[in-house]
Amino acid sequence: MAIYEEILAWADRLPPWRHDAMRRICVQGGWSEEDLVKVLDLAKQHHGIASAFEPAPQPIRFTTEHFPAEADQNQTVVLRSLHALTNVGKIPSDQALEFQPLGLTIVYGGNGTGKSGYARVLKQACRARSPGTVYANAYAEDYQQLRPSATIDFALDGASEQTNWSGQRGHVSRPELRGISVFDGDCARHYLQSRQTAAFQPSALTYLQQLASGLNQALGPRLQAEIAGLATDVTPFNVIPVDTEAGQAVHPIGPTTDLTRARVLATLTVDEHAELSRLPQEISEADPTAKAANLENAATRVDELANKITAAANIVSDDALDARHSAHRNLIEAEAAEHAASELLQAGDATPLLTGTGKGPWAALFNAAREYSTRTAYPDQTFPVTDEGAVCVLCQQKLTPEAKDRLKRFDRYIQDKAAETAHAARNAWKQITRNVDQADVAFAASPNMLKSLGARIATLPDEIQFFQEDLTTRLQWLRAAVLTGEWQNRPAYRSANPTASLYHIADTLRAEAARLRANLDTAALAAKRLRLKELEARRILSKHVEAIASVTENLAHQAKLQRCLDDIGNTRAISMLASQLAKRYVSGALAGTMNKELNRLDLYHIRAGVSSSGDAGAVRLGIQLKECQLEPHLVLSEAEQRMCALAYFFAELQQSGSSSGIVFDDPVSSLDHSHRTAVARRIVQESAHRQVIVFTHDAVFFGELATFCQDAQLAPEVRSINYRAEGPGYIDAGLPYDMRKYKERIAYHRDDYHQIANSFSNPPGDNERLAMRNAYDDLRVTIEVGIEDTILNETVVRFRDGISVGRLNGVMIVNEADYREVQRLHNKCCRNVRAHSHAAGQQRPVTQPAELLQDIEDVSALFTDIRRRRR
């Protein structure tokens, strides 16, 4: 069973999106950015994510018709013709590129001639490893709408077949055409599995590895970035209590959150809104603790007000006023007694006493003298000491009878207490005066308190206000009485003292608080609190429910993306299959065949061998360099690695046993001369027993192919693709004019002569002169070509390695007359071409058409005669 048939049999276990990815890479040789976007969309759909496209793309299963190019020994496929190209660049649709069914067909065309357009169609139709893209005419205004197409004639086991190829994306060409093997620079890079390992493997293994690690590397980061960009933070919703119905409906927030239930709970009815507003008050009323505390605090404030009123009332109470009035009377009486005593003190002296005698300072001085006498001067003697010889304790002089009498009289005055009583009365009055001046009978009661008190005793606020006014009036009267001594017309109270009522209210408040605490309903209160919590949680949910819905959707989308990412990364089964297939198809026999091909390509220093490592599917056909200390890819040049890829191409071809055609598109691009020669030789060898088509723009390589065909006595067919005035893509049989032999060029010269003759005018002007110069310029080239292929008998050919010594005998036939004729004709051409400057004074006449025709015939006759004599 072929490798792709094994893959197809195994692929039933793959999800549809991976089938589609396999189909795309097998048909196209790789994935474009558009392919990757579509494959990712299919993978997402597989995991329940809506398509980003309208209509949604549908996966196409991988089937036998999608197999890429694979040589098959069971049938022979050869190309016959490529024609009816439509919208392929600027190639005209009436051109047909024909191929010989056995042997070498060389399609030669320079850069920009349209050769690549033909080659790309074949690479697409035959499903080359790297088919590239066939572009429409980029200069057309409707370029985006144009779809390239072509018709391909081919033979299947000798039977003629025809198929239409289309550049429409997803179009699959006839599966038989995949039997045609194609090689070009891009395919060489595909054959070389990795530049870092210089290893080769069948395309199927490369595609399997791309289906595994390639898709994972291309699509994984995109999914990871998409996952990272989703808003999935649920912490803002932690404000919804978990222990409520609303919280239980949404927590934990995730893909399975019941949004229908959450939206129902988030919608409060009008009655529920009203209940939510009412419950705090009901709870407050149902909970007597707070109300009782408020009542007790109110009682305390009432007590404080009553205490303030009591303190203020005490200041101007009747008892307080009476006491002050009594103190004032005592002061008057004490001062009168003091005055009477003072009069008695003066009565015994004819001489007036000093002012203040008997008064406070004097009394203090006398008492000090008494203490000094009894303690120090005359201890143990009664003061005043008036015995014989005694002296005054103040003036230290001997006492006269008058002085003794005065001292005794003063002592009696002091002992009489009148002065002391008056002194005490004055001090007491001074204190009363200060207290009255500083007294304050104001007290504050807030409007709210007065309102609350009035609710219990309607007249109490007025009574408090009247009492406040009465206290102020009585204080003002007291101050005036203290100042003037007028104690008549004492103001009376207009109402009773409100403190009794206040204390009664305070006691009532405390009693109410006590009754509230005693009547607490715990169960009912708990129910109300729970209901409030539930409604409050639903209210909070209503604010966040849409955000929760968005996050929930993102989490659900994230879960799907994660499953998709895991699916894309689940490549173990694919890698195991690749490993199993590698062990069967990357064999020692394949390595041996590749080594033979390396020898055929003159790469004797490079060997191929089967190697393996621990990587999935890592059995490879690796390059080995004997005694080399570095990895091969660090030593081999890019050209050498390309040659190794070509050797692998031929090795696979030989191992398959296929006899179908093969196509090369510029196989020697970037190769040097020695490698180019080896490739040309190997291609010609292969063309001996199968169809080989070579597209090339390399004239030297073309010469190499022609030479090896000549040496092998093979007859290649040549097609030239040219750029004409109408545009590129025009096909001519045979070589381009500039590469043709002299014999083919003579016919062109005769046609050129007829065109010049038909339009020639006499006397000739500039147009005639220019036409004649061009004609002789081409004729001179023909003479030089004839010298190479006829006179020198192709002994020396430009761009060919070596000299054909065996052809020298043919040179000997040429005689001196032939040399002179060649010289004559060549000089004639040189005189007529623009490459040589002629003296302006010569006024050389323009050659006539008849003379040109004669020179053409002379050239033809010269070379024909030499070839005739050589036979």
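Position numbers for residues start from 1 in each chain and track the written sequence from start to end. With the structure being a predicted model, the display of local features is reserved for residues of pLDDT at least 70 and the display and counting of side-chain atom pairs for 80 or more, all residues being used for whole-chain, interface and lining totals. To get the side-chain values, take all heavy atoms of the structure and skip hydrogens and water.

**Topic: the side chain of S495**
And step 1. Considering the arrangement of structural elements, one finds S495 in the loop between helix 16 (460-484) and helix 17 (499-518).
And step 2. Type-normalised accessible area, obtained with a 1.4 Å probe on protein chains alone, sets the label of each residue: buried when under 20%, exposed when over 50%, and partly exposed for intermediate values. Residue S495 is classed as buried on the basis of its relative accessible area, which comes to 18%.
And step 3. Beyond its immediate sequence surroundings of up to four residues, S495 is in contact with E463, F466, F467 and D470. Put simply, DSSP H or I for four residues or longer makes a helix, DSSP E for two residues or longer makes a strand, and each gets a number counted from the N terminus. Residues count as neighbours in contact if any of their non-hydrogen atoms are within 4.5 Å of one another.

**A word on the packing of helix 10 (residues 288-315) against helix 16**
And step 1. Where helix 10 contacts helix 16, the two axes come as close as 9 Å, and the packing angle between them is 30°. Between helix 10 and helix 16, the crossing angle belongs to the class labelled roughly parallel. Of the two elements, helix 10 crosses helix 16, and the hand of that crossing is left-handed. Across the interface between the two elements, L305, I309, A312, A313 and I315 of helix 10 pack against I464, F467, L471, L475 and L478 of helix 16. Between N-to-C directions, angles span 0 to 180 degrees; the directions come from axes that are lines fitted to C-alpha atoms, helices contributing only their stretch in contact. Convention used here: angles under 35 degrees read as roughly parallel, angles over 145 as roughly antiparallel, angles from 65 to 115 as roughly perpendicular, and any remaining angle as oblique. Definitions for this section: a left-handed crossing has its near helix turned counterclockwise from the far helix by less than a right angle. A right-handed crossing has that turn clockwise.

**Some points on the sheet that holds strand 6 (residues 181-183)**
And step 1. DSSP bridges decide pairing: two strands pair if at least two such bridges lie between them. With mixed pairing, the 6 strands of this open sheet are ordered in space as 6-11-12-3-13-14. The two strands at the open ends of the sheet, each matched to only one other strand, are strand 6 and strand 14 (727-733). Here the strands of the sheet are splayed against their neighbours by 15° on average, with no regard to which way each runs.
And step 2. Bridge analysis of strand 11 (residues 662-665) against strand 12 (residues 691-696) gives 4 bridges, and the strand direction is parallel.

**A word on the packing of helix 26 (residues 766-791) against helix 28 (residues 816-832)**
The description of two packed helices rests on the angle between their axes and on the distance between the axes.
And step 1. Two elements in contact, helix 26 and helix 28, have axes separated by 8 Å at closest approach and are oriented at 155°. Relative to helix 28, the element helix 26 is oriented roughly antiparallel. Crossing angle aside, the handedness with which helix 26 passes helix 28 is left-handed. Along its contact with helix 26, which presents R773, Y776, L779, R780, I783, E784, I787 and I791, the element helix 28 presents Y819, V822, L825, H826, K828, C829, C830 and N832.
And step 2. Under the scheme applied here, ten amino acids are nonpolar (Ala, Val, Leu, Ile, Met, Phe, Trp, Tyr, Cys and Pro), four are charged (Asp, Glu, Lys and Arg), and all others, including Gly, are polar. Each residue belonging to the contact of helix 26 with helix 28 can be placed in one class, and the counts come to 10 nonpolar, 2 polar and 4 charged.

**Some thoughts on the environment of F702**
And step 1. Positionally, F702 belongs in helix 24 (residues 699-711).
And step 2. Assessed through its relative accessible area of 5%, F702 is described here as buried.
And step 3. Separated by 33 residues in the primary sequence, F702 and L735 have C-alpha atoms spaced 9.9 Å apart.

**Considering the packing of aromatic side chains**
And step 1. Two rings from Phe, Tyr or Trp (for Trp, the six-membered ring) form a pair when their centres are within 6.5 Å of each other. A pair whose planes differ by under 30 degrees is stacked, one over 60 is edge-to-face, and the rest are tilted. According to the stated counting rule, one finds 11 aromatic pairs in the structure shown.
And step 2. Here the aromatic rings of W477 and W487 are separated by 5.9 Å at their centres, their planes lie at 75°, and the arrangement is edge-to-face. Of the two residues, W477 sits in helix 16 while W487 sits in the loop between helix 16 and helix 17, which places them 10 residues apart along the sequence.
And step 3. A ring pair is formed by F650 and F664, whose centres lie 5.8 Å apart and whose planes are at 40°; its orientation type is tilted. Remark: F664 occurs in strand 11 and F650 occurs in helix 22 (residues 638-656); sequence separation between them is 14 residues.
And step 4. Cation placement over rings: the criterion is NZ of Lys or CZ of Arg within 6 Å of the ring centroid and within 35° of the ring normal. In this structure, K90 is placed above the aromatic ring of Y139, and the distance from its NZ or CZ to the ring centre is 5.0 Å.
And step 5. Lying over the aromatic face of F650, R682 brings its terminal NZ or CZ to 4.3 Å of the ring centre.

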